[in-house]
Amino acid sequence: MTIKEAEARTGLARANIRYYEDQGFFSPARGENGYRDYSEENIDTLLKIKLLRQLGFSLEEIHQLQNGERALETALAQREAGLERESRELAQAARLCREMRSEGADFYTLDARRYLDRLAREEAVLDQDRDPVRIFPCRRYFARVLDVMLWETVLVVLLQLTVRLNYIRVHDGLGGKLLLSLGGLLLAAAAETLTLHFLGTTPGKALLGLKIVREDGSRLSLGEAAWRTAGVTAFYGAGIFLADLGVLLTALAALAMLIWACWRVDKGELLPWEGRGQLYLEGSTRERRFWENRKNLFRVAGYLAVWVLCIGLMVGGHLLAARPPHRGTELTVEQFVDNYNQYMAFTYGEGNLARRLTVDGTFEEIDRENGSVIIYAFGESPVPQPSFRFTEENGVLTGVTLVQEYESPVPLKESKSYVVYLPYEKCYAAARSLLWSRLGDKELLDFASDLTGAEGNLSREMNGARIDSKMRFSGYRGFGGGSLAAQVGESQSYFVECSITLA
């Protein structure tokens, strides 16, 4: 297009367009007649220059923005701070002009020092108000919680997919829970250092409308971000440690730490890890309430959605980790045994098992040099360990039968009382190890529940497999938790048989 058309499109005078071209902002093409031919890209550049010049940017600053030497976001933040400062200075100057006029000031009798002192005092007051200390401690706390949860989820899912971590079992114990919490916190600290430096925010802060920058709008240096993150990690980690201990006094101590931090923030005081000159941006001041902007409801919805996503990822990771290593419909005895032992190790922890299944169907003792397995026994049980019988056809396992039986020759003496545990878990583990590819987790869990409810007597056909379970005992009484207590003065008879046959 011609320069006349460029003038009409941009609202700039011809002299301005030529000047910006001479300054190297763009280079229009030349037609065959030698006249300049302005492109849409040239027009877009001119409009950007016009906008930024009207905002008060110098041509040098616009060059830096065009060449990528400065980020527009940082430049706008600095310009906004400058305009606010100029606005205060202009309002102050206008007010002083009115006062000087009302006092009848004359040039020859003007007491300049008195008015300069007044300006200095007003500037000192403005300096106190100029530092927009950001508050909303609850939002800052919940942003922190989400960041730790997010990175703990990443850590848990990685462990689930690599070393088959059972998050439920580990999280039930104090030691494992602390290690996972602190591991997630350290991972969050490393990630936060980088995201604060490069983005000025974290996932949790971004979702709740928070951003941390310097007073001039620039992002924190890597050292500043690392120092800030190290301080809050130590504080938050101490709170996690105290809270996870589960003792009332330590839980109250953790709560007191949180209240103290929120109280300081609400008073506008810096926390120990916060550097001076660092600001929270994006509407987190008293003057602009978070809930006044209805768009922030989407932020809260996004925050909750990330929580749901984290929980879903850990549940999905748990289901993947819990899968048997051999998942075909045709298994060998060795593969079945491996599935069984892997499930028991996943469920109870390798270090908590006293025995493992062997390919001949018996259970062998696991050699523990450090004696890490602790077994609570209520009298030595004469009932032998259960065993499996395997049925094969051309090397493929077609049936598995768990058998456990005992017949006492004489009535039980009082000093020989004992407890025997019903092998419900072993029956479920066998069904899961052999039928996982045929049945879903829900069907297998329903089978385990029905087996317990039927007191071990159950017959069922499921997707090409038949399960028959029989349990008979006399001379025992229910002891709770799937266990039987032998009755003194009675003879004991105990019989369990659970068979799984493939069609």
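Our subject is the structure that appears above.
I will try to describe carefully the structure that is included in this document. (Residues numbered from 1 in each chain as written. Predicted model: local features only at pLDDT ≥ 70, side-chain atom pairs only at ≥ 80, totals over all residues. Heavy atoms only, no water.)

A few words now on helix H16 (residues 441-453). With 13 residues, H16 ought to run about 18 Å at 1.5 Å a step, and its terminal C-alpha atoms sit 18 Å apart, in line with that. Taken as a whole, H16 has its buried residues at Leu444, Phe447, Ala448 and Leu451. Axial view of H16: buried residues confined to an arc of 95°, hence all on one face. Of the residues in H16, the exposed ones pointing more than 90 degrees away from the buried face are Lys442, Leu445 and Gly453. Just beyond H16, the residue with positive phi is glutamate 455, at close to 55°. (Helix = DSSP H or I, 4+ residues; strand = E, 2+ residues; numbered from the N terminus. Expected span 1.5 Å × (residues − 1). Buried < 20%, exposed > 50% of the residue type's maximum accessible area, 1.4 Å probe, protein only. Arc of directions from axis to C-beta.)

Tallied over the entire structure, the rule returns 14 aromatic pairs. Aromatic side chains tyrosine 340 and phenylalanine 363 sit 6.0 Å apart centroid to centroid with 65° between the ring planes, which places their arrangement in the edge-to-face category. Here the residue tyrosine 340 occupies a position in helix H14 (residues 333-348), and phenylalanine 363 occupies one in strand S6 (residues 363-365), the gap between them amounting to 23 residues. Both residues of the pair, tyrosine 340 and phenylalanine 363, belong to the buried class. Relative to tyrosine 476, the ring of tyrosine 418 has its centre 6.1 Å away and its plane inclined at 80°; by these criteria the two rings are edge-to-face. Of this pair, tyrosine 418 sits in the loop between strand S8 (396-407) and strand S9 (419-421) while tyrosine 476 sits in strand S12 (residues 476-478), placing them 58 residues apart in sequence. Take tyrosine 418 and tyrosine 476: they sit in the same class, and that class is buried. Members of the aromatic cluster, connected to one another through ring pairs, are Phe336, Tyr340, Phe363, Phe388 and Phe390. Over the ring of phenylalanine 363 we find lysine 426; its NZ or CZ atom is 5.7 Å from the centre of that ring. (Phe/Tyr/Trp six-rings, centres within 6.5 Å; stacked < 30°, edge-to-face > 60°. Lys NZ or Arg CZ within 6 Å of the ring centre and 35° of its normal.)

Sheet topology note: the strand S7 (residues 387-393)/S8 ladder contains 7 bridges and is antiparallel. The partner of glutamate 393 across the bridge, within S8, is valine 396. Hairpin connection of S7 to S8: 2 residues between the antiparallel strands, including asparagine 394 at a positive phi of 55°. (Pairing = 2+ DSSP bridges.)

Let us now look at the nonpolar core. Within the largest apolar cluster, 48 residues are counted, with the highest numbers of intra-cluster contacts made by Phe336, Phe388, Leu434, Leu435, Ile467, Tyr476 and Tyr494. Among the secondary structure elements, those contributing two or more residues to this core are H14, S8, helix H15 (424-435), H16, strand S10 (458-462), strand S11 (465-474), strand S13 (483-486) and strand S14 (493-502). Counting residues per element, this core draws most heavily on H15, which supplies 8 residues. Counting 17 residues, the second-largest nonpolar core is a separate cluster that includes Ala6, Tyr20, Ile49 and Leu59. (Core = buried A, V, L, I, M, F, W, Y, C linked by side-chain atoms within 4.5 Å.)

Quick look at the sheet that holds S7 now. By definition, the strands of a sheet pair up through backbone hydrogen bonds, in either a parallel or an antiparallel sense. Here we have 5 strands laid out as an open sheet, ordered S7-S8-S14-S11-S10, and antiparallel in their pairing. Single-partner strands in this sheet number two, and they are S7 and S10. The mean inter-strand angle of the sheet, taken between neighbouring strand axes irrespective of direction, is 10°. Pairing of S11 with S14 involves 10 bridges; the strand directions are antiparallel. The residue bridging arginine 472 from the neighbouring strand is phenylalanine 495, located in S14. Against the sheet, H15 makes contact with S7, S8, S11 and S14, and its axis sits at roughly 10° relative to S14, the strand it touches most. The strands that H16 touches are S10 and S11; relative to S10, the one it contacts most, it runs at about 165°. (Axes fitted to C-alpha atoms, helices over the stretch in contact; angles between N-to-C directions. Contact = heavy atoms within 4.5 Å.)

A word on the side chain of threonine 10. Along the chain, threonine 10 turns up in helix H1 (residues 3-10). Take threonine 10: its relative accessible area is 3%, and that puts it in the buried class. Apart from residues no more than four positions distant in its own chain, threonine 10 is found in contact with Ile17, Ile43, Leu46, Leu47 and Lys50.

Now for the pattern of salt bridges. Across all of its chains, the model carries 18 salt bridges by this definition. The residue aspartate 468 makes a salt bridge to arginine 466 at a minimum N-O spacing of 3.0 Å. Exposure remark for aspartate 468: the relative accessible area of 19% places this residue in the buried category. Look at the salt bridges and you will find they share partners, linking Glu73, Lys211 and Arg219 into a network. (Salt bridge = Lys/Arg side-chain N within 4 Å of Asp/Glu carboxyl O.)

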